[in-house]
Amino acid sequence: MGKSEKQVQDLGGQEGGVPWQCDLGPNDAYLNEMYRLYSQDPALVGETWAGYFERLASTHGSSNLGCVASSQECVAPMQRGGAAQERVYRMVSAFRGRGHFKAAINPLSQGINPLPRVDDIQVDFYRFSDAELNEVYNCSGLALQEEMRLEEIIARLHRVYCGSIGFEFTHLLDQDERLWLQERIETRFEKGYQLNAEQKLHRLQKIIEAEAFESELHRKYVGQKRFSLQGVETVIPMLDTLLEESAIEGVKKVIFGMPHRGRLNVLVNILGKPLEEVFTEFEDQSIHSALGSGDVKYHMGYDSNYTDINGRVLDLYLAPNPSHLEFVNPVVEGIARAHQDFHYDGNRKVVLPVLLHGDAAFAGQGVVFETLNMSLVDGYRTGGTVHLIVNNQIGFTTNPEESRSSVYATDMAKAVQAPIFHVNCEDIEAACWTMKTAIDFRNRYGRDVVVDLYGYRKYGHNEGDDPSFTQPISYAEIKTKKNIAEIYAEELVEEGTVTEEKAKEMRDLFQKRFQTADLSEDGGKQFGELCTVLGRLKDPSPQTGVPLEQLQKIASTLVEYPEDFVPHPKLKKILERRVATLSSDEGIEWGFAENLAFGSLQLDGVAVRLSGQDCGRGTFSQRHLLLSNYEQPGRYYPLQSLEKDGAAPFEVINSTLSEAGVVGFDFGYSTVKSRSLVMWEAQFGDFANGAQVHIDQFISSSEAKWGQRAGLMMLLPHGYEGQGPEHSSARLERYLQLCAEGNMFVCYPSSGAQYFHLLRRQGLLDIKRPVIVMTPKSLLRLKEASSQPKELVKGAFQTIIPEVVSSGKKKKVAFFLSGKVYYDVKKRLEEAADDLKGKAYLLCRLEQLYPFPKEELSQLLEENSIKAAYWVQEEPQNMGAWTFCDGRFRAELDVELEYLGRPESASTATGSAKRHAKEQADIVDSVVKAITG
C-alpha cells in the first residue's frame, strides 16, 4: 500500500464511484483528483491506486461507494440511506474524538471548571428523524459491531464515551495504538477488565483504609499539616490495582514520585510504612533529624516490597522530594533508567516509573514538559511512565482558568503522543480500569500514559486553611458530599458483594490498628538509614595513575574505525595528531586527557555516562567521542569498542535543550550505582542556572535532608575571555555558598592531568558525593595547560599546587588563586621578570575549593614566611571564590587576605572586548605591583 493510500485509510477515507460524500480535510481535493484520473485511465494513477479502486468497485459496485469521515480508522462504505449514514459516521467519529467533553468526570455539580459545550457531540446536531432512529446503520465498528439500530448506536456512544471516563486517544498517530485502545474502550462493559468479587472487596478495604487514615490523623493531630488525600482517596485503590497488574505483567520494580498531597496516605497504604513511624514523625522524634537536618514528614522517601496473592514480589521505592512539586519527575526517570541499565540489562519494561501530579502543577511547571519531552529520546527513555494527576480542580486558591490556557491540565501530554483518561473519583471501578489499561498500554507500546483523576479537596491547601474564602460555592457543596468509601460501600451492598456489617468491620479494624499503634522506638526503617552521616565518612583517595600501556590501548581505539565507517577527513587528522602526543613531549591537551580518563575507568569496571547539550562533540569541539559517518548516515562511539573486551559501558548523550529536566535525570541516575561516573555538562557554565532548583534542593542538600547520596559530576565551562555576561561565569560563588558538612566537592582544575585525576578519583570512589567542576574554554588548547604522559601514569589529583619564587629566606608575598587567571598572572610575571629580580613571592593554585584544603595550606604556610597574602580572581568581587576563601583563610588559617580582581558588579562580565582586555590587564598588573611594592 502506498503512503497516500495508507493516509486515506488512516483518515477513514473510502473511495467511491461518485465524488466523495464527506469532507476528508486536507486530503479531499487530492482524492477527488485521483479518482477523476482513475476514471479517465487507471494507468494515470499507478498500480497501487488502480488496484485499490478496482477492489472497492468489485466489492461494493461502482455506484454504491461512500466514505466515512472518521478521523481515525477505515470502516465499511455506506450501504443504505446515504445522507443519514454519513451523519451516523460523523457522529461516531465525533464521540470517539470529543465525547470526553460530555463525560460525567466531575464529581462536583457546581464544577469549578466546567467543560465546553461541543456541538457535534449533541445528538440533535445531526437532525435524525424518528424514523431514522429505528433504522439499522453501519456503526463504524463501534464495539466491534458492523450494524446497529441508530437508537442503540446513540445509547452505546453515550455509555462508552460519556460515562465516568473521558477518553482522549484519537490524536495518536499510530493506527495500531488507536485501534487497540478503541477496542478496549468500546468493549469494556462486555469483555474488558472487570473486578471479581474478591478484588472488589479488596478495593473497598483500600478505600476505607485511605479515608479512615485521613480522618483518624485529623482527630489525633488537630491542625497539623498533612496535605490530606480526602476527596481523591481513589488514588489508593488505583495504585493498588497498578501494583497488582504490574506484578502480573512481569514488572520487578516501581519507582514513585509524587508531591506532598496524599503522600502520607500513599506511604502507609501502598508502601506499607508502619503507623508507628508516621506518629514518630508527627511527634518530631524521627531518627532522621538526629542524623542530618531532616525534612518534614510529607517530603520523605521510603522503600519496601509488595507481594501479590501469587507470591510475586515488587520492589517499591518512593523518591524523596522538596516542595518544588514537579522537580522530582526527572529524578524519578533517572533512577528508573539506572536500575534498568545496571540491574536488568537495559530491560525497559521491568522497572516502572509512576509519577503523581497536581493539576495546577502539571500544567504550570515547565519541568513537567521537559520530562515528557525526554520520554522518547534514546538516552533518557524508560519504557513509558504512568502519570496520575490528582486533580483537585484548584491550585492552592487559584481556579483552573487562572492557572492555564488549555481546557484540561493534561493537554500538553498530547505532544508526546500519550493517551489520556479523565476519570471521576467517585467511580472506583472505572478508575481501576483506567490504571489497568494504562499499565497495559505502557507495557505494550513503551510510552507514557496519563490518567487524570477528577476529584476535589475536602479541606484547604493545608488543614489549617479555610478554602471557602476563595471558593465558597464549591465548598458549600463539598461539605454535603458523602466520602468515597461510603459511596463504594453502598454500591457493593446494593449489588450483594458485601454486607453493611462487613464494611463497618473493615473500618473498625483500621481504627483499632490506628488507635493501638504507638511511637516507634528508633524512628524505624527510614529511607537511607544505611547512608553515611552528613559527609563525615569518606573513602581514602584511590590510586588514579594509569600504566602507559593501558593509555596506549585506549588511545588506539580513538583512531580505529569499523570497516563501513568513514570519519571526517579533517577530524581524522586532528585525532591522529592528538593520539600521537601520548608518545611525544608535545603535551596532552585537555580533551585527550579526558578521553583517556573515561577509557581507563571503563577498563577498571566503572560505567561512564556523560550527557548534556552537544556533548558528543563538545561545545568547543574538544571531545569527539560521538563521530558521524562522512559518507552515509551513521554514528560511531569509539570508547564503546572497549566493551567487547569486557570493559564497563560508555555512554555520551546529546541531550534535549533542557537544563532542569536533564540535570534532574542525571542526578537521579547517579544515586543508584556507586561503580559509575555520571556527568552532566553545561554548554556554558552559566546555563546551569536553568537547573537551580535541582542544585539547591537535590544536589547540595539531599544527603542532609533525606539521607540520599548522589555522585553527579557537573562540568561547567567557566573563564573570562571577553565573551560577555552569559558566556563567562559558571557562578562559582553560588556553589561555594551551598557547601557545608562535606556535602560535595567544588574543584577548579588548571591542567589536563589534574582533570584526568579528578575524573578518575570520582569514578573510583565508593562513597560518592556531587562534584562541581569549573571546566575551561581557552585552556582546552593552551599549551601551558597541557600535560606530559608521565603525569597521567603517576601522580594524583592535587588539591593545591604551589610555586615558590624565592631569594634566600626572604619573606614572601603570597598569591592564592584558581583556574584560568593563573596562566594570565604567570604570563605577566614572566614579562616583568627583570623588575622582579630578587623578589620573593609564592603562587598557589587552589584546585579544590571545597572541602577546603586546610591541612595542605597549613603546611605550605608553615614552610614559608609570608609578609602579605592576596586572593587573585578574574570574577567581580561579589562573585567567584573571594568571599568563601576570605572567610576560610581568616577562620581556619588565621590569614588576612587582600583582594585583587574586578570590583563588585551587578553583571558577571562586560560585553565589550576592549573593556574586558583592560580589566584583565589591570588585574595582572596589580599582582606585579603587589610584589614590587
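The model shown is predicted, which means the values in this text are computed figures rather than measured ones.

Cut-off values and rules
- Residues numbered from 1 in each chain as written.
- Predicted model: local features only at pLDDT ≥ 70, side-chain atom pairs only at ≥ 80, totals over all residues.
- Heavy atoms only, no water.
- Helix = DSSP H or I, 4+ residues; strand = E, 2+ residues; numbered from the N terminus.
- Buried < 20%, exposed > 50% of the residue type's maximum accessible area, 1.4 Å probe, protein only.
- Contact = heavy atoms within 4.5 Å.
- Areas by Shrake-Rupley, 256 points an atom, 1.4 Å probe, with all protein chains shown as cover.
- Core = buried A, V, L, I, M, F, W, Y, C linked by side-chain atoms within 4.5 Å.
- Polar contact = N/O pair within 3.5 Å; in protein donor to acceptor, adjacent residues only side chain to side chain.
- Pairing = 2+ DSSP bridges.
- Axes fitted to C-alpha atoms, helices over the stretch in contact; angles between N-to-C directions.
- Parallel < 35°, antiparallel > 145°, perpendicular 65-115°, else oblique.
- Nonpolar A, V, L, I, M, F, W, Y, C, P; charged D, E, K, R; others polar.
- Phe/Tyr/Trp six-rings, centres within 6.5 Å; stacked < 30°, edge-to-face > 60°.
- Expected span 1.5 Å × (residues − 1).
- Right-handed = clockwise from strand over helix to strand, strands pointing away.
- Salt bridge = Lys/Arg side-chain N within 4 Å of Asp/Glu carboxyl O.

Assigned secondary structure in the protein consists of 33 helices and 24 strands. Each of the 933 residues in the protein was classed as buried or not, and the buried ones make up 60%. Put simply, of all contacts in the protein between residues at least 6 apart along the chain, 80% involve residues at least 24 apart. Here the protein has roughly 36,600 Å² of accessible surface; of this, 48% comes from carbon and sulfur atoms.

A word on the nonpolar core. Formed by 105 residues in total, the largest nonpolar core has its most connected members in Ile153, Leu204, Leu239 and Phe256. No other element matches the 10 residues that helix α17 (residues 428-445) contributes to this core. Setting aside anything within four residues of it in sequence, one finds Phe256 in contact with Leu239, Leu243, Ile270, Leu271, Leu316, Tyr317, Leu318, Ala319, Val332, Val354 and Leu356. Among the nonpolar cores identified, the runner-up in size contains 71 residues, and Tyr380, Ile800, Phe816 and Ala881 belong to it.

Turning to its location among the elements, Glu733 is positioned in helix α27 (residues 732-737). Here Gly880 takes part through its backbone nitrogen, which lies 2.8 Å from a polar atom of the side chain of Glu733. Contact partners of Glu733, with chain neighbours within four places excluded, come to Asn878, Met879 and Gly880.

Hydrogen bonds between backbone atoms are what pair the strands of a sheet, whose relative direction is either parallel or antiparallel. Strand order in the open sheet formed by 7 strands is β14-β11-β15-β16-β18-β17-β22, with mixed pairing between adjacent strands. Looking at strand neighbours, the two that pair on one side only are β14 (650-654) and β22 (848-850), the edges of this open sheet. Across the sheet, the mean angle separating the axes of adjacent strands is 20° when strand polarity is ignored. Taken together, the 2 bridges between strand β17 (residues 745-747) and β22 define a ladder with antiparallel strand orientation. Following the sheet pairing, Cys747 is matched in β22 by Gln848. In the packing of helix α28 (residues 752-764) onto the sheet, the strands contacted are β15 (676-681), β16 (713-717), β17, β18 (771-775) and β22, and the crossing angle to β15 comes to about 125°.

Packing of helix α24 (residues 660-669) against helix α25 (residues 692-699) brings their axes to within 8 Å, and their N-to-C directions diverge by 25°. By the angle between their directions, the pair α24 and α25 is classed as roughly parallel. Contact residues: Ala660, Val663, Gly664 and Phe667 in α24; His694, Phe698 and Ile699 in α25. Residues belonging to the contact of α24 with α25 are distributed by class as follows: 5 nonpolar, 2 polar and no charged.

This brings us to the packing of aromatic side chains. Counting across every chain of the model gives 30 aromatic pairs. Note on Phe565 and Tyr636: the rings are 5.5 Å apart at their centroids and 50° apart in plane angle, and the pair reads as tilted. Of this pair, Phe565 sits in the loop between α21 (548-557) and α22 (569-580) while Tyr636 sits in strand β13 (residues 635-636), and the two are 71 residues apart along the sequence. Residue class for Phe565 comes out buried when judged on its relative accessible area of 8%.

Next up on the list: α28. The end-to-end C-alpha distance of α28, which contains 13 residues, comes to 18 Å, matching closely the 18 Å that a straight helix rising 1.5 Å per residue would cover. The element α28 is extensively covered by neighbouring structure, given that 13 of its 13 residues are classed as buried.

The next thing to look at is the pairing of strand β20 (residues 812-817). Residues in a regular strand point their side chains to alternate faces of the sheet. Summarising burial for β20: 6 of the 6 residues are buried, a large majority. Pairing geometry for β20 and strand β23 (residues 866-876), over 6 bridges, is parallel. Paired with Ala814 across the strands is Ala869, a residue of β23. For β20 and strand β21 (residues 841-846), the ladder comprises 5 bridges, and the chain directions are parallel. Counterpart to Val813 in the pairing with β21 is Tyr841. Tracing the backbone out of β20, into helix α30 (residues 821-831) and back to the parallel element β21 gives a crossover that is right-handed.

Summed over all chains, the structure comprises 51 salt bridges. Here Arg507 ties to Glu211 by a salt bridge, and the two come within 2.4 Å at their closest N and O atoms. Here Glu211 lies in helix α8 (residues 197-220) and Arg507 lies in helix α20 (residues 500-516), a separation of 296 residues in the sequence. Using a relative accessible area of 6% as the deciding quantity, one classes Glu211 as buried.

This next bit is on α30. Taken together, the buried positions of α30 are occupied by Val821, Tyr822, Tyr823, Val825 and Leu829. Summarising the contacts, the buried residues of α30 are in contact with β19 (800-805), β20, β21, β23 and α33 (913-932).

Now for the sheet that holds β20. In space, the 5 strands of this open sheet follow the order β19-β21-β20-β23-β24, with mixed pairing throughout. Either end of the sheet is taken by a strand with one partner, and the two such strands are β19 and β24 (898-902). Direction aside, neighbouring strands of the sheet carry axes that sit 20° apart on average. Sheet topology note: the β23/β24 ladder contains 4 bridges and is parallel. Looking across to β24, one finds that Val872 is bridged to Leu900.

A few words on unusual backbone geometry. Residue Tyr850 is joined to Pro851 through a cis peptide bond whose omega torsion reads -10°. As for its placement among the helices and strands, Pro851 is situated in the loop between β22 and α31 (854-863). Positive phi values are uncommon outside glycine, yet Asp345 reaches one of about 55°. Counting through the fold element by element, Asp345 comes out in the loop between α13 (328-343) and β7 (351-358). Judged by relative accessible area, which is 79%, Asp345 ranks as exposed. With a phi close to 60°, Arg731 is a non-glycine residue in the positive phi region. In this fold, Arg731 is placed in the loop between β16 and α27.

Our focus in this paragraph is the side chain of Arg623. Within the fold, Arg623 resides in the loop between β11 (607-612) and β12 (627-628). For Arg623, a relative accessible area of 1% translates into the label buried. Reaching out from Arg623, the side chain makes a polar contact with the side chain of Glu681 at a distance of 2.8 Å. In contact with Arg623, not counting residues within four places along its chain, are Arg578, Glu594, Asn595, Phe598, Leu610, Cys615, Gly616, Arg617, Gly618, Glu681 and Leu715.

Another point: the environment of Asn329. Within the secondary structure, Asn329 is located in helix α13. Residues Asn329 and Phe256, spaced 73 residues apart in sequence, show a C-alpha to C-alpha distance of 9.2 Å. Asn329 has contacts with Leu355, His357, Val368 and Thr371, leaving out every residue within four places of it along the chain. Within the structure, Asn329 has its side chain in polar contact with the side chain of Glu326 (distance 2.8 Å).

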